[in-house]
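# Close look at the chain arrangement
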Amino acid sequence: MTTPTRPTVGFIGLGSMGGGMTRNLQRSGFPLVVNDLRPESAAELVAGGARWAESAAEVAASSDLVITMLPTPRHVSDAVNGPAGILAGIADGGTWVDMSTSVPEVADAVRRANASRGLHVLDAPVSGMSVGAASGSLQIFVGGEAEDVERLRPVFEAMGDPERILHVGGHGAGYAVKLMINQLWFSHLVATAEVLAVGVKAGVDLGVLRDALVASPANSNFVEKDVLSILEHGDYDEGFALALACKDLGLSIDLARSVGVSVELSALVEQVFRRSRAVHGDRAGEMTPFRLYEELTGGPLRLSPAKEASTR
Ligand code: NAD
């Protein structure tokens, strides 16, 4: 029995997310051609057999499909356009998948300007944090043609949970789903921080308050699970920088504006995140805005150790 040949994957952007995603592609046997503004980010991959390319154009010219995993639409545009960009190297009929959290403008412009070249363009942003990228359990939201999604499924499955690779619609749908997930999750973060701060200042024990919320109709995944990373471990998730969280909130509001929906709550949440970015810095973790409310209570909000532990 012969093993089917794996296509060569070109990958641009080897940061918190791209680093783990490429390691999983390599483990699954996909030959890799990689590029990043920071060559050192490719050292481990190259030691494992990946080929380093000097430019995005060279990545595209040496691979069967190209994936970008870059911070913002501007970075995506930089990697795609210009004499050293993907479009300069990709063959007619080639495939580009943007897995960045972004908006459709760059990909739309590529499709419009290259209509005669038969390029296959997909948006496939992800959820699951850098931990999910490292463990290959990302959720992937794919926008594009159904045949392309099926053809690329083995590539997505090397990086994500096969049950959670979702074809969510046509071009741009993946970007929209991802932005709405982040918008809601960041809104949950701010709402949860507010009610915990007020309840604690009103004299309620933090653990009692959280248990009551979890048992109530106001429960959420954030109150039940995600907030514990702060309340139990003081971990604000530095794997996802606050600067990128602010970028996502800005893009979410841009998207709302472009489709004519007023989003008062989203705008407020964005302002809270921007305040935290100004106070705590670009590189602080995405959950750091919670600290603005902890500071109002006079210190960090932390659950006391479990009863059994404290009575031992
Ligand atoms: P990051 O800043 O850690 O990594 C980005 C990498 O891209 C860096 O290594 C940088 O050097 C490189 N880069 C930038 N411009 C480039 C260019 N023109 N050519 C080549 N390389 C370039 O960012 P990240 O956390 O890995 O996030 C990547 C994307 O994934 C973002 O859109 C982010 O919103 C999204 N995302 C991140 C997380 C997370 O938890 N970190 C989760 C889901 C989605």
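Just above, that's the structure.
Every chain is numbered on its own, with residues counted from 1 as its sequence reads. Residue-level local features of this predicted model are given only where pLDDT is at least 70; pairs of side-chain atoms are given and counted only at 80 or more, and the full residue set underlies all totals for whole chains, interfaces and linings. Each side-chain value is worked out from all heavy atoms of the structure, with water and hydrogens disregarded.

Numbered from the N terminus, helices here are DSSP runs of H or I no shorter than four residues, and strands are runs of E no shorter than two. Helix and strand counts for the protein stand at 16 helices and nine strands. This radius of gyration counts C-alpha atoms alone. The globule rule is 2.2 Å times how many residues there are, raised to the power 0.38. Its C-alpha radius of gyration of 21 Å places the protein within 12% of the 20 Å reference for a compact globule of 312 residues. Each residue is assigned to one of three classes by its accessible area relative to the maximum for its type, calculated with a 1.4 Å probe on protein chains only: buried under 20%, partly exposed between the two thresholds, exposed over 50%. Each of the 312 residues in the protein was classed as buried or not, and the buried ones make up 49%. Per-residue and other accessible areas were derived by the Shrake-Rupley procedure at a 1.4 Å probe size, with only the shown protein chains allowed to occlude residues. Total accessible area on the protein stands at roughly 14900 Å², and carbon and sulfur atoms take up 56% of it. In summary, the charge assignment counts Lys and Arg as positive and Asp and Glu as negative, without counting His or the chain termini. For this purpose, a charge sits on NZ of Lys, CZ of Arg, CG of Asp or CD of Glu. For the protein, the centre of its 26 positive side-chain charges and the centre of its 37 negative side-chain charges are spaced 3 Å apart.

A few words now on the nonpolar core. Of all hydrophobic cores here, the largest spans 31 residues; its most connected members are Met21, Met99 and Phe156. Breaking this core down by element, the ones donating at least two residues are strand 1 (9-12), helix 1 (16-27), strand 2 (32-35), strand 4 (65-68), strand 8 (138-143) and helix 8 (146-159). Tallying contributions element by element places helix 8 first for this core, with six residues. Only heavy atoms matter for contacts: two residues are in contact if any of them lie within 4.5 Å across the pair. Setting aside anything within four residues of it in sequence, one finds Met99 in contact with Met21, Ile67, Thr68, Met69, Ala124, Pro125, Val126, Ile140, Phe156 and Met159. Ala193, Leu206, Leu249 and Leu292 belong to the second largest nonpolar core, which has 29 residues in total. By convention a nonpolar core is built from buried Ala, Val, Leu, Ile, Met, Phe, Trp, Tyr and Cys residues, the set being connected through side-chain atoms within 4.5 Å.

Turning next to the side chain of Arg210. With respect to the element layout, Arg210 can be found in helix 10 (residues 206-214). Looking at Arg210, the relative accessible area reads 11%, which means it is buried. A polar atom in the side chain of Arg210 sits 2.9 Å from the backbone oxygen of Val223. A 3.5 Å cut-off defines polar contacts: any pair of N or O atoms within that distance qualifies, except that in protein one atom must be a possible hydrogen donor and the other a possible acceptor, and neighbouring residues in sequence count only when both atoms are side-chain atoms.

Relative to strand 6 (residues 120-123), strand 5 (residues 95-98) runs parallel, the two sharing four bridges. Bridged to Thr95 within strand 6 is His120. By the criterion used throughout, a crossover qualifies as right-handed when its path from the first strand across the helix to the second strand runs clockwise, the strands pointing away from the viewer. In this region the chain leaves strand 5, passes through helix 6 (residues 105-113) and returns to the parallel neighbour strand 6; the handedness of that crossover is right-handed. Only strands that DSSP links by at least two bridges are regarded as paired with each other.

On to the site of the ligand. With respect to spatial proximity, 25 residues lie near the ligand, and among them Ser16, Met17, Asp36, Arg38 and Leu70 are the closest. Separating an oxygen atom of the ligand from a backbone N or O atom of Met17 is a distance of 2.8 Å. Note that an oxygen atom of the ligand is positioned 3.1 Å from one of the backbone N or O atoms of Pro71. For the ligand, the protein covers 89% of the area, taking 840 Å² as the surface of the free molecule. Elements with a contribution of two residues or more to the shell around the ligand: helix 1, helix 7 (129-135) and helix 13 (242-259). If one sorts the elements of the shell around the ligand by residue count, helix 13 sits on top with three residues. Any residue that is not Ala, Val, Leu, Ile, Met, Phe, Trp, Tyr, Cys, Pro, Asp, Glu, Lys or Arg is counted as polar, Gly included; the first ten are nonpolar and the last four charged. Residue composition of the shell around the ligand, grouped by class: 11 nonpolar, nine polar and five charged. For every domain, the bounds stem from an assignment made automatically or drawn from a database. Counting only domains with at least three residues in the shell around the ligand, you end up with domain 1 (9-169) and domain 2 (177-310). A cutoff of 4 Å decides nearness: a residue is near a molecule or strand if any of its heavy atoms lies inside that distance of it.

Right, let's talk about the packing of aromatic side chains for a bit. The geometry of two aromatic rings is summed up by the distance between their centres and the angle between their planes. Pairing of aromatic side chains requires ring centres within 6.5 Å, counting the rings of Phe and Tyr and the six-membered ring of Trp. Pairs whose planes differ by under 30 degrees are stacked, by over 60 edge-to-face, and all others tilted. Scanning the entire structure with this criterion turns up three aromatic pairs. Judged by centre distance (5.3 Å) and plane angle (70°), the ring pair of Trp185 and Phe222 falls under edge-to-face. Placement of Trp185 in helix 9 (residues 173-201) and of Phe222 in helix 11 (residues 221-226) is noted, with a sequence separation of 37 residues between them. We classify Trp185 as buried; its relative accessible area is 18%.

A separate point is the packing of helix 9 against helix 13. To get an axis, fit a line to the C-alpha atoms, keeping to the stretch in contact for a helix; angles then go from 0 to 180 degrees between the N-to-C directions. Contact geometry of helix 9 with helix 13 gives a least axis separation of 9 Å together with a crossing angle of 115°. Considering how the two elements wind past one another, helix 9 and helix 13 form a crossing that is left-handed. Side by side, helix 9 and helix 13 meet where Ala176, Leu179, Met180, Asn182, Gln183 and Phe186 of the first sit next to Ala245, Asp248, Leu249, Leu251, Ser252 and Leu255 of the second. Considered class by class, the residues forming the contact of helix 9 with helix 13 number eight nonpolar, three polar and one charged. Take the far helix as your reference; a near helix turned counterclockwise from it by less than a right angle gives a left-handed crossing, and one turned clockwise gives a right-handed crossing.

Read these as spatial facts, not as claims about activity.
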